[in-house]
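# Fold and contact review
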Amino acid sequence: MPKILLVDDESDILVSLKIILGMRGYDVATSSDGREALAAVESDTPDLVITDYMMPYMDGITLCRRLRARPQTARTPIILTSAAMLDSAYPDLYDSFVQKPAEIDALVKEIKRLLDPDRD
Amino acid sequence: MHTVEARPYRAIPTEVPGLDEILGGGLLEGGLYLLEGVAGAGKTLLASQICFSWARAGRRVVFITLIAESHGKLVQHLTRMRFFDGAMLGTNIQIMSGYQTLLDKGFRGLFKLLAEIAQQHNPALVVVDGFRTVREHLEPGFTMSAFIHELNTFLATTRCTGLLLAPVCGNEARPEHTLVDGLIELSRHTAGMRRTREVEVHKLRASDPILGRHLFSITDAGIRVFPRMESTVSRRMPQAAERKERLKFGIPTLDEMLHGGLMTGSTTSLLGAPGTGKTVLGLKFLEEGLQAGQPALYFGFYESPDRLVGKAEGLGIELERYRESGLLHIVWQPPLEYSLDELGYALLEAVSRHRIRRLVIDGIEGFRQSAVRPERMSQYMTALTTELRARGIETILTEETAHEPSDIRALLISALVENIILLRYVERDEQLHRLISILKLRESDYDSSIRRFRISSGGIVVEAAT
């Protein structure tokens, strides 16, 4: 079962996506901000990270930068989400951008695409 | 010894049209404000509009949500507003949730989060949407007063302005009401099937707000506040323009009756029953000014511009060429759901924009129909006419009377204007005849005789005294 780390400061989004993605066959762990997420990947490396951009303590872009700097997560696919439109702001730091409010089918399609070993 | 003096707190304009006027300049840096209102009153929209305004001016703002709209929905809803600028999100505007922090770590945690945000983003403004959630999570041994007090001190120290959004909770006095620097309420007023939006500043420290309720509208341009006309005019007490000239109607006998014309900067009421010729006489007054190159405005409620111009042309009053050349302006406001102040500001803006000298407001009944609080009408019209007089504009107001007005003094307008001209019908020899008479002309003698007058394709003719 692919492991996804979901990072968002909106707790209702964490709750909803954890349930929905769980029903679609993913093992979802959650963090409320970038700092929490970095602590989480120390103990368990996810197959994919979905992170919000605007969060307290550490924003999503800083988290992406830190994940890319760690050898264990340098190639981990990352989906950045935000209510703001940021699709081309930092293209090297994440693999996909999904604007909020995210449609679940579009999000799952991106997850599948990024977890597909033949995607490159 | 080195001394560091405290800098005074500046008022930063919100740039929300009309709001800064009632706030006495804007929101103070380092001030803590509570914005209350019923659901759907426009709290989040108003706060968002201020955020974008400040962000556009280069300031950083942070919008923190507790239990409130999700960030995705919030932004989607804002994209239809003209003040929305997606490029500001994630740069000068940060949107974050503080709910989990409040749940996990309580007041102290939320306070620490605010401190962390201030350190990281150095915002000029922090908005907390869903402040009700804080009330709902009161912890034993820690009061709301203590939280507000600490927050107030923190904001004052960092010179960051705080705006807390919360629903109104009846008339119950809450500790935060006494501790915040400003308390602003958004509400709705119901009159029949109509509802109007109103804003009221209950309290504002170190500022001079315009107290009382003011109407506001929400369009795709955002919120626009219309400070109550009577409150703004009474504050400024504009003085009447000093120019003293006579302005003619261009109807020789009538101008003679007026001893040369109406005095500049005066206000004239044309009273009469339906069909007596009020509109036509008003248009003739405008035409006379247009011929002398004076910009003119017709502000009416019942006739579309094309119909009005066509009607005038049929009576020998040439308006079309002046409309085409931009000297004549016609504002048509069908008396539907405009608010009283919205109409007043539309009128004053048109007057300023086109440097109007002669103005006809055709049918003050249009204002009366727009008044959801009819008790305001007298003061409102006083304020409006005072303002027009101060701008040196010669204004004619038409007002409908019964066929035989028994007491002119009972009419709303008669006390507000310097000059009154009465139009009537009389039945004689099985025919209706129009009569005109001057009832009042301030600062001048006048001919008080009653004259017959005719309106035909040849124009308006007032008969000479027999």
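Above this text sits the structure in question.
A few points on the structure. (Residues numbered from 1 in each chain as written. Chains lettered and ligands numbered in written order. Predicted model: local features only at pLDDT ≥ 70, side-chain atom pairs only at ≥ 80, totals over all residues. Heavy atoms only, no water.)

Here the focus is the pairing of strand β18 (residues 394–400) of chain B. Residue and element names in this part refer to chain B. Burial within β18 is extensive, with six of its seven residues counted as buried. Both strand β14 (residues 267–272) and β18 contribute to a ladder of six bridges, which runs parallel. Bridge pairing in β18 links L270 to T398. With five bridges connecting them, strand β17 (residues 358–362) and β18 associate as parallel partners. Bridge assignment links R358 to a residue of β18, and that residue is E394. (Buried < 20%, exposed > 50% of the residue type's maximum accessible area, 1.4 Å probe, protein only. Helix = DSSP H or I, 4+ residues; strand = E, 2+ residues; numbered from the N terminus. Pairing = 2+ DSSP bridges.)

Residue and element names in this part refer to chain B. For the coordinates displayed, the defined rule picks out 13 aromatic pairs over all chains. Pairing F52 with F83 gives two aromatic rings, centres 5.7 Å apart and planes at 50°, and the pair type is tilted. Within this pair, whereas F52 is found in helix α2 (residues 43–56), its partner F83 is found in the loop between α3 (71–78) and β5 (93–97), the two being separated by 31 residues in sequence. An identical accessibility class is assigned to F52 and F83; each is buried. Residues F299 and F367 carry aromatic rings whose centres are separated by 6.1 Å and whose planes lie at 15° to one another, so their mutual orientation is stacked. (Phe/Tyr/Trp six-rings, centres within 6.5 Å; stacked < 30°, edge-to-face > 60°.)

The interface is formed by 21 residues belonging to chain B together with 15 residues belonging to chain A. When the buried surface of chain B facing chain A is broken down by residue, S97, Q100 and E116 of chain B rank first, second and third, together holding 23% of it. At the junction of chain B and chain A, the tally comes to one salt bridge. Where R35 of chain A meets E116 of chain B, a salt bridge forms, and the shortest distance between an N and an O atom there is 3.1 Å. Counting every contact that joins chain B to chain A gives five residue pairs in polar contact (both at pLDDT 80 or more). (Contact = heavy atoms within 4.5 Å. Buried area = accessible area lost by both parts, 1.4 Å probe. Salt bridge = Lys/Arg side-chain N within 4 Å of Asp/Glu carboxyl O. Polar contact = N/O pair within 3.5 Å; in protein donor to acceptor, adjacent residues only side chain to side chain.)

Let us look at a nonpolar patch on the surface. A surface patch of nonpolar side chains, about 400 Å² in accessible area, is lined by V15, I19, I20 and M23 of chain A. In this fold, I20 of chain A is placed in helix α1 (residues 11–23). (Patch = residues over 30% accessible without salt bridge, like charges linked within 9 Å, V, L, I, M, F, W, Y side chains within 5 Å. Areas by Shrake-Rupley, 256 points an atom, 1.4 Å probe, with all protein chains shown as cover.)

Geometry of a packed helix pair, given as the angle between the helix axes and the separation of the axes. Residues and elements named next belong to chain B. Direction vectors running N to C along helix α10 (residues 278–291) and helix α11 (residues 305–313) enclose 85°, while the axes themselves pass 11 Å from each other. Taken together, the axis directions place α10 and α11 in an arrangement best described as roughly perpendicular. Contacts between α10 and α11 involve T279, V280 and L283 on the former and, on the latter, L308, K311 and A312. Here the contact of α10 with α11 is composed, by residue class, of four nonpolar, one polar and one charged. (Axes fitted to C-alpha atoms, helices over the stretch in contact; angles between N-to-C directions. Parallel < 35°, antiparallel > 145°, perpendicular 65-115°, else oblique. Nonpolar A, V, L, I, M, F, W, Y, C, P; charged D, E, K, R; others polar.)

Nonpolar side chains in soluble globular proteins generally cluster together in the buried interior. Membership of the largest hydrophobic core comes to 66 residues, with the highest contact counts inside it found for Y94 of chain A together with I50, L89, I93 and L163 of chain B. For this core, the element with the highest residue contribution is α2 of chain B, accounting for eight residues. In this structure, A312, I317, Y322 and I396 of chain B belong to the second largest nonpolar core, which totals 37 residues. (Core = buried A, V, L, I, M, F, W, Y, C linked by side-chain atoms within 4.5 Å.)

For the rest of this paragraph, the subject is the pairing of strand β19 (residues 419–428) of chain B. Of all 10 residues in β19 of chain B, seven are buried; the element is thus mostly enclosed. Joining the antiparallel neighbours β19 of chain B and strand β20 (residues 431–441) of chain B is a turn of two residues, in which D429 of chain B adopts a positive phi near 50°.

Residue and element names in this part refer to chain B. If you trace the backbone, P17 turns up in the loop between β1 (11–12) and α1 (19–23). Residue P17 is classed as partly exposed on the basis of its relative accessible area of 38%. C-alpha separation for the pair P17 and P227, spaced 210 residues apart in sequence, amounts to 9.7 Å. Beyond its immediate sequence surroundings of up to four residues, P17 is in contact with Q49, I223, R224 and V225.

The next point concerns the sheet that holds strand β11 (residues 222–226) of chain B. Residues and elements named next belong to chain B. A sheet is described by the order of its strands in space; here nine strands give the open sequence β5-β4-β6-β7-β3-β8-β9-β10-β11, paired in mixed fashion. At either margin of the open sheet sits one strand with a lone partner, and together these are β5 and β11. Direction aside, neighbouring strands of the sheet carry axes that sit 25° apart on average.

Cis geometry marks the peptide bond from K100 of chain A to P101 of chain A, where omega comes out at -5°. As for its placement among the helices and strands, P101 of chain A is situated in the loop between β5 (96–99) and α4 (104–115). You will see that H259 of chain B, though not glycine, has its phi angle at about 55°, which is positive.

So, about the side chain of H433 of chain B. Residue and element names in this part refer to chain B. Looking at where H433 falls in the secondary structure, it is placed in strand β20. Looking at H433, its side chain comes within polar contact range of the side chain of R452, at 3.1 Å. Once residues within four sequence positions are removed from consideration, H433 is found in contact with R424, Y425, V426, R428 and R452.

Residue and element names in this part refer to chain B. With 14 residues, α10 extends 20 Å between its outermost C-alpha atoms, agreeing within 8% with the 20 Å of an ideal straight helix rising 1.5 Å per residue. Across the 14 residues that make up α10, a large majority, 12, are buried. Residues of α10 that are buried: K278, T279, V280, L281, G282, L283, K284, F285, L286, E287, G289 and L290. Looking one or two residues past α10, G293 carries a phi angle of roughly 80°, positive in sign. (Expected span 1.5 Å × (residues − 1).)

For the rest of this paragraph, the subject is the sheet that holds β17 of chain B. All names here are of chain B. Pairing in this open sheet of nine strands is mixed, and the strands run β16-β15-β17-β18-β14-β19-β20-β21-β22 from one edge to the other. The open sheet is flanked by β16 (328–332) and β22 (459–462), the only strands paired with a single partner. In this sheet, neighbouring strand axes are inclined to one another by 20° on average, regardless of whether the strands run parallel or antiparallel. Across five bridges, strand β15 (residues 296–300) lies against β16 in parallel orientation. When the sheet's bridge partners are listed, G300 is paired in β16 with W332. In the packing of α10 onto the sheet, the strands contacted are β14, β15, β16, β17, β18, β19, β20, β21 (451–456) and β22, and the crossing angle to β17 comes to about 165°.

Under the counting rule described, the total for this entry stands at 33 salt bridges over all chains. A salt bridge links R24 of chain A to D105 of chain A, with the shortest nitrogen-to-oxygen separation between them at 3.3 Å. Of this pair, R24 of chain A sits in the loop between α1 and β2 (27–31) while D105 of chain A sits in helix α4; the two residues are 81 residues apart in sequence, bridging distant segments of the chain. The class for D105 of chain A is exposed, based on a relative accessible area of 52%. A salt bridge links D447 of chain B to R451 of chain B; the nearest nitrogen and oxygen atoms lie 2.5 Å apart. For D447 of chain B, a relative accessible area of 23% translates into the label partly exposed. With relative accessibility at 9%, the residue R451 of chain B sits in the buried group. Through salt bridges with shared partners, one network takes in D8, E10, D52 and K100 of chain A.

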